[in-house]
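One letter stands for each residue in the lines below.
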Amino acid sequence: MLKVSFRLLILLLFLGVLNPVFASYRSVAKVVNHSPYFFRLLGGWHITEGNKIFEDRGIIGTTTLSGARYWMLLLELSFNNNLSEAEAVYEYFDDNFVKRGECYFQFHTRDFVWEPSFRESRCIGPVSLTTRHFGGGGDIDTYLYALD
């Protein structure tokens, strides 16, 4: 009985030590733009929780090759108090620089683990927005926004 209890204690200690090793301490927002429009950041990323590592304030262009998947990194956050949360608004324009609409991007993750939530992410205008979350656990939490 003592031997089994000791093995169980060792196993629990082992799992308690490995849990932080397999946690993800970063979140990343990326965009794939298949629309005929280009996007410009309006203001900046508003970070409710987390520490910003990287932010690209440039323009998200269109993909010129048919079927090309172009991923552009928008923001990278590290966790702060087990929570990472950010949001931004991008306006988009056609080739004649006429504004066609806006897209609102938001992501949220909690407790160093995979908890996908795009909450209120949406586009207004002719562009459709689909979202995908992958990662978590030992991988970076990646939030992908596909614009069509």
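Owing to the predicted nature of the structure, the values given are computational and were not obtained by experimental measurement.

### A short note on the pairing of strand 6 (residues 99-110)
Bridge count between strand 5 (residues 83-93) and strand 6: 11 bridges; the pairing is antiparallel. By the bridge assignment for strand 6, F93 is matched with K99. Linking strand 5 to strand 6, which pair antiparallel, is a turn of 5 residues; within it F97 sits at a positive phi near 60 degrees. Where strand 6 and strand 7 (residues 122-124) come together, 3 bridges link them in antiparallel fashion. Within strand 7, the position partnered with E102 by the bridge is I124.

### Observations concerning unusual backbone geometry
In this structure, F97 is a non-glycine residue whose phi angle is positive, near 60 degrees. Within the secondary structure layout, F97 lies in the loop between strand 5 and strand 6. At R119, a position not held by glycine, the phi torsion is positive, near 45 degrees. Structurally, R119 is set in the loop between strand 6 and strand 7.

### What to know about the environment of V31
Positionally, V31 belongs in strand 1 (residues 26-33). Considered as a pair, V31 and L74 are 43 residues apart in the sequence and their alpha carbons are 7.1 Å apart.

### Side note on the confidence of the model for the protein chain
Mean pLDDT over the protein chain: 77, with 73% of residues reaching 70 or higher. No element of the protein chain has a lower mean pLDDT than helix 1 (residues 2-21), which averages 49, and none a higher one than strand 7, which averages 96. Note on residues 11-21: pLDDT under 50 across the span, and 1 contact to partners over four residues away in sequence or across chains. This model gives residues 64-69 a pLDDT under 50, and the stretch forms 5 contacts once residues within four places in sequence are excluded.

Parameters and conventions
Residues numbered from 1 in each chain as written. Predicted model: local features only at pLDDT ≥ 70, side-chain atom pairs only at ≥ 80, totals over all residues. Heavy atoms only, no water. Pairing = 2+ DSSP bridges. Helix = DSSP H or I, 4+ residues; strand = E, 2+ residues; numbered from the N terminus. pLDDT = per-residue confidence, 0-100. Contact = heavy atoms within 4.5 Å.

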